[in-house]
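Descriptive structure summary
Take a look at the letters that make up each chain.
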Amino acid sequence: MSDFLTVRVWRGDEQGGFQTFEVPRLESQTVLDVVSHIQRQLDPTLAYRFACRVGMCGSCAMTVNGKARWTCRTHVAKVAADGNLELAPLAHLPVVRDLVTDMSAFFDKWARARGQFHPTATRKDPFARIRPDSAQRINADAGIECIGCGVCYASCDVVQWRPDYLGPAALNRAWTLVNDERDGAQAERLRAVAGDAGCHACHTHLSCTERCPKHISPTAGIAGLKRAAMKAALRGDL
Amino acid sequence: MNTRTEVRLWAAQRISAMVLGVCVFVHLITIMVAMRGGLSAAEILERTQGNWAWFVFYVVFVAAVVVHAPIGLRTIIEEWLGWRGTWLDILLVVLAAALGLWGLRAVWAVFA
């Protein structure tokens, strides 16, 4: 292990370029540690986002040596064995400055995919009883831990080709709600996620599944949405 | 095109792909068997002329192509060229009709 890392960091907006920093190499150092060192010790004007530092909040995702990753849980030893790091903002989102992207489009698509829960009961009704081993509950569980970091969105080729595509995270969210039997907007949701800007645009490249730091498979959820939409279309409910 | 039709087209393309999977497999095996000991028009016609089983098989094959190819091509054109709308749909209906016509003409030529 050498004593220093050579770190190329994106500076400026879309028209910016890389700036190189030398950062001391430490044991058990994360990529977020490296960025924080640069901002605190070398250049306080560096813009980046983080909050929890423990893989819960989904704020700190960046492009690390060409791949989208959550930086707080990514060890330097894992991604920069040769001592070189290249840090850029997430792909497929407008760059605000340096490592910060504007994630509005990403979250607007969650809303477009009907990612909101639509309750069917009031507080006066008894609790819904959902069996933990029911197929729907198991499907919802598989996708529910999404932290909205945008790694899947930045890794998706279809998002790159078709800017109107809803993307893996929004579709994964929709799939968890399709499996929520308490939800009352099922037909509207399937209408929102079906079609050529929705689940049917997915090419099953599996980049989202490969890169998701929470080991969720949005691809599986998207396949589930395709099946659900097909059944609804054949029934005439879509 | 409305969402329901889009999804039905998607389903039709998947189902026709399953049919094509079987048809292409049978077709390839037939080619391998037919090629043994040389290939001649007379030998092919001897197998297909008046044979209803091969006639039905190749009509199904053509039907699957007619459904499958234009829907897939539509998606490729939309993604690669950004064309969409009624004119594209009309173009692909014409393509489907042409594929059906050419395919059935070929089937009839080796059956009759």
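Just so it is clear, the model here is predicted, and its values are computed rather than measured.

Observations regarding the overall build of chain A
- If you tally the helices and strands in chain A, you get ten helices and seven strands.
- When each of the 238 residues of chain A is scored for burial, the buried share is 47%.
- In chain A, the proportion of contacts linking residues at least 24 apart, taken out of those at least 6 apart, comes to 63%.
- As presented, chain A carries roughly 12000 Å² of accessible surface, and 51% of it is formed by carbon and sulfur atoms.
- Averaging the positions of the 30 positive and the 25 negative side-chain charges in chain A gives two centres separated by 6 Å.

A short note on the domain arrangement of chain A
Residue and element names in this part refer to chain A.
- Domain assignment breaks chain A into domain 1 (4-101) and domain 2 (104-235).
- Computed from C-alpha atoms alone, the centre-to-centre distance between domain 1 and domain 2 is 29 Å.
- Contact with domain 1, which involves 13 residues of that partner, is made by 15 residues of domain 2.
- Both sides of the domain 1 and domain 2 interface together cover about 1100 Å² of buried area, and 67% of this is carbon and sulfur.
- Taken together, the connections running from domain 1 to domain 2 amount to zero salt bridges.
- Of the residues contributing to the side of domain 1 that touches domain 2, the split by class is eight nonpolar, three polar and two charged.

Side note on the interface of chain A and chain B
- Listed per partner, the contact involves 16 residues of chain A and nine residues of chain B.
- If you look at where chain A meets chain B, you find zero salt bridges.
- In this structure, the connection of chain A to chain B is made through four residue pairs in polar contact (both at pLDDT 80 or more).
- Looking at the side of chain A that touches chain B residue by residue, the classes come out as eight nonpolar, four polar and four charged.

What to know about the packing of aromatic side chains
- The tally for this structure, following the rule as stated, stands at 16 aromatic pairs over all chains.
- With a centroid separation of 5.5 Å and 15° between ring planes, the pair formed by Tyr48 of chain A and Phe50 of chain A is classed as stacked.
- With a relative accessible area of 31%, Phe50 of chain A lands in the partly exposed category.
- Pairing Phe55 of chain B with Trp108 of chain B gives two aromatic rings, centres 6.2 Å apart and planes at 75°, and the pair type is edge-to-face. Placement of Phe55 of chain B in helix α3 (residues 52-81) and of Trp108 of chain B in helix α4 (residues 86-111) is noted, with a sequence separation of 53 residues between them.

A closer look at the packing of helix α4 (residues 135-143) of chain A against helix α7 (residues 168-178) of chain A
Residues and elements named next belong to chain A.
- One can describe the packing of α4 onto α7 by two numbers: an axis separation of 8 Å at closest approach and a directional angle of 155°. Taken together, the axes of α4 and α7 lie roughly antiparallel to each other. In terms of crossing hand, the pair formed by α4 and α7 is left-handed. Residue-level contacts link Gln136, Asn139, Ala140 and Gly143 of α4 to Asn172, Trp175, Thr176 and Val178 of α7.
- Taken together, the residues of the contact of α4 with α7 sort by class into three nonpolar, five polar and no charged.

What to know about the pattern of salt bridges
- Scanning all chains against the criterion turns up 13 salt bridges over all chains.
- A salt bridge links Asp141 of chain A to Arg137 of chain A, with the shortest nitrogen-to-oxygen separation between them at 2.6 Å. Residue Asp141 of chain A and its partner Arg137 of chain A are both found in helix α4; the two are separated by four residues, about one turn of the helix.
- Classification of Asp141 of chain A as partly exposed rests on a relative accessible area of 37%.
- The residue Glu78 of chain B makes a salt bridge to Arg74 of chain B at a minimum N-O spacing of 3.8 Å. Placement of the pair is Glu78 of chain B and Arg74 of chain B together in helix α3, with a separation of four residues, close to one helical turn. As far as burial versus exposure is concerned, Glu78 of chain B and Arg74 of chain B are alike and both buried.
- Several salt bridges share partner residues, and in doing so they unite Arg11, Asp43, Arg97 and Asp98 of chain A into one network.

Some details on the nonpolar core
- Val7, Leu85, Leu87, Leu99 and Tyr165 of chain A are the most contacted members of the largest nonpolar core, which has 66 residues in total.
- Counting the residues that make up this core, at least three belong to each of domain 1 (4-101) and domain 2 (104-235) of chain A.
- Apart from the residues lying within four places of it in its own chain, the contact partners of Val7 of chain A are Gln19, Thr20, Phe21, Val23, Val34, Ile38, Leu85 and Leu87 of chain A.
- Leu20, Phe61, Ala64 and Phe111 of chain B belong to the second-largest nonpolar core, a separate cluster that totals ten residues.

Focus on the environment of Asp125 of chain A
Residues and elements named next belong to chain A.
- Here Asp125 lies in the loop between α3 (104-112) and α4.
- Using a relative accessible area of 38% as the deciding quantity, one classes Asp125 as partly exposed.
- Here Thr122 takes part through its backbone nitrogen, which lies 2.6 Å from a polar atom of the side chain of Asp125.

Here we look at the sheet that holds strand β5 (residues 84-88) of chain A
Residues and elements named next belong to chain A.
- Spatial strand order, β2-β1-β5-β3-β4: five strands in an open sheet with mixed pairing. The two strands at the open ends of the sheet, each matched to only one other strand, are β2 (17-24) and β4 (67-70). When strand polarity is set aside, the average angle formed by the axes of neighbouring strands in this sheet is 35°.
- The strands touched by helix α1 (residues 31-42) are β1 (4-11), β2, β3 (61-64) and β5; relative to β2, the strand with the most contacts, the crossing angle is about 95°.

How each quantity is defined
- Residues numbered from 1 in each chain as written.
- Chains lettered and ligands numbered in written order.
- Predicted model: local features only at pLDDT ≥ 70, side-chain atom pairs only at ≥ 80, totals over all residues.
- Heavy atoms only, no water.
- Helix = DSSP H or I, 4+ residues; strand = E, 2+ residues; numbered from the N terminus.
- Buried < 20%, exposed > 50% of the residue type's maximum accessible area, 1.4 Å probe, protein only.
- Contact = heavy atoms within 4.5 Å.
- Areas by Shrake-Rupley, 256 points an atom, 1.4 Å probe, with all protein chains shown as cover.
- Lys, Arg positive; Asp, Glu negative; His and termini not counted.
- Charge placed at Lys NZ, Arg CZ, Asp CG, Glu CD.
- Domains from an automatic or database assignment.
- Buried area = accessible area lost by both parts, 1.4 Å probe.
- Salt bridge = Lys/Arg side-chain N within 4 Å of Asp/Glu carboxyl O.
- Nonpolar A, V, L, I, M, F, W, Y, C, P; charged D, E, K, R; others polar.
- Polar contact = N/O pair within 3.5 Å; in protein donor to acceptor, adjacent residues only side chain to side chain.
- Phe/Tyr/Trp six-rings, centres within 6.5 Å; stacked < 30°, edge-to-face > 60°.
- Axes fitted to C-alpha atoms, helices over the stretch in contact; angles between N-to-C directions.
- Parallel < 35°, antiparallel > 145°, perpendicular 65-115°, else oblique.
- Left-handed = near helix turned anticlockwise from the far one by under 90°.
- Core = buried A, V, L, I, M, F, W, Y, C linked by side-chain atoms within 4.5 Å.
- Pairing = 2+ DSSP bridges.

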